[in-house]
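# Understanding the architecture of this molecule
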Amino acid sequence: MWLSYGLLTLILVAGVVYSISARKLTVIAALTGAAVAILVFAGAGFTGLAMMTTFFILGSAATSVQGETKKDLNADQKGGRTTGQVLANAGTAALCGVLILALPAHANILQLMMAASFASATADTLSSELGMVYGKRFFNIITLKPEVRGLDGVISVEGTLIGVIGSVIIAIVCAIGMGWTTNFICIIVAGTLGNLTDSVLGAVFERKGLINNNSVNFLNTLIAALFMLLFYIVL
């Protein structure tokens, strides 16, 4: 037990130091991320922590790809990510961690919901960041009419497929830690549906200024978790 806690502490300290020094997160955001990681670990152990770490690594790498190309499209997102962004992407997972502590009898489904939320967050980040770089044709997810890349609710086939790959990677991490079952497919589907929901919310609500990007990101992870719950009940 003490070895596990020692390893957890080492991972958290390393993550906070790197996030701040590399300007991936603000100081407060890095500390918030550490708190979220503790809740994730409490609910899903090192598997949960591995999923969160995978999301962070893939997201950071994707954000760095052709940064100059995306600079004008993300002019409002300069500097390290904020506490709000951390909670928007990992808040649902942290909530699942809290629920697992409160309702240990339902740990299995809550851990799968946590995985689905990370799958959606990863899919959303990769499809958005890499889709802007590698996408060929961009269109509104509601009207299917061509639109300018980078606008809320605008997607590309390439970006969507990259998002699916992101969900697959999180599902693989989950399966390695929790076992290979049909839940592997469910996590991928839930993560992909969450990602598509993000675009729908962006086109319908965010573009009109009714909700902001952090709200959209939180809702897409929450909806992915709820899809996972639905699959668990039905299947």
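Here the structure is shown first, and the text comes after it.
So, here's what we can say about the structure. Just so we're clear, the structure is a prediction, and the values are computed from it rather than from any experiment. (Residues numbered from 1 in each chain as written. Predicted model: local features only at pLDDT ≥ 70, side-chain atom pairs only at ≥ 80, totals over all residues. Heavy atoms only, no water.)

### Notes on the state of the cysteines
Formally: In this description, the term disulfide denotes a pair of cysteine sulfurs within 2.5 Å. Only protein chains enter the accessibility calculation, which uses a 1.4 Å probe; a residue is then buried when its area is under 20% of its type maximum, exposed when over 50%, and partly exposed in between.
For the coordinates displayed, the defined rule picks out zero disulfides. Not part of a disulfide, C96 finds its nearest cysteine sulfur in C174, a span of 12 Å. For C96, a relative accessible area of 4% gives the class buried. Cysteine C174 is unpaired, with the sulfur of C186 as its nearest cysteine sulfur at 11 Å. With a relative accessible area of 3%, C174 lands in the buried category.

### Some details on the nonpolar core
Applicable threshold: In these notes, a set of buried Ala, Val, Leu, Ile, Met, Phe, Trp, Tyr and Cys residues joined through side-chain atoms within 4.5 Å is what counts as a nonpolar core. Numbering goes from the N terminus for both helices and strands, where a helix is a DSSP run of H or I of at least four residues and a strand is a run of E of at least two.
In terms of nonpolar packing, the biggest core is built from 46 residues, with V40, M51, M113, M114, F118, I187 and M228 touching the most fellow members. Residue assignment for this core shows that the elements contributing at least two residues are α1 (2–21), α2 (27–64), α4 (83–102), α5 (107–134), α6 (157–178), α7 (183–206) and α8 (213–234). Considering every element that reaches this core, the biggest residue donor is α2, with twelve residues.

### Focus: α1
Rule in force here: For a helix, the expected span equals 1.5 Å multiplied by the residue count minus one. The arc in question is traced by the directions running from the helix axis to the C-beta atoms. Whether two residues touch is decided by their heavy atoms; if any such pair falls within 4.5 Å, the residues are in contact.
The end-to-end C-alpha distance of α1, which contains 20 residues, comes to 28 Å, matching closely the 28 Å that a straight helix rising 1.5 Å per residue would cover. The complete set of buried residues in α1 reads L8, L12, V16 and S19. Angular distribution of buried residues about the axis of α1 spans 75 degrees; they occupy a single face of the element. Counted as exposed and oriented over 90 degrees from the buried face of α1: W2, L3, L10, V17 and S21. Tucked into the core, α1 has its buried residues touching α2. R23 occupies a position one or two residues after α1 and carries a positive phi of about 60 degrees.

### Here's the deal with the pattern of salt bridges
To keep it simple, the criterion reads: Throughout this description, the term salt bridge denotes a Lys or Arg side-chain nitrogen within 4 Å of a carboxyl oxygen of Asp or Glu.
One pass over the full model with this rule turns up two salt bridges. E129 serves as the salt-bridge partner of R81, at 3.8 Å between the closest nitrogen and oxygen. Note that R81 is positioned in the loop between α3 (67–71) and α4 and E129 in helix α5, a separation of 48 residues in sequence. A salt bridge links E147 to R207, with the nearest nitrogen and oxygen atoms 2.9 Å apart. Within this pair, whereas E147 is found in the loop between β1 (139–140) and β2 (154–155), its partner R207 is found in the loop between α7 and α8, the two being separated by 60 residues in sequence. Residue R207 is classed as partly exposed on the basis of its relative accessible area of 36%.

### A word on the side chain of D198
Applied cut-off: None of His or the chain ends enter the tally, which takes Lys and Arg as positive and Asp and Glu as negative. Any pair of nitrogen or oxygen atoms within 3.5 Å is treated as a polar contact; in protein, a donor-acceptor pairing is required on top of that, and neighbouring residues in sequence qualify only through side-chain atoms on both sides.
Residue position: D198 is located in helix α7. Summary of buried charges: D198 has no salt-bridge partner, and the nearest side chain of opposite charge, R81, is 11 Å away. Here the side chain of D198 touches N220 through a polar contact of 2.9 Å, side chain to side chain. D198 has contacts with D124, V216, N217 and N220, leaving out every residue within four places of it along the chain.

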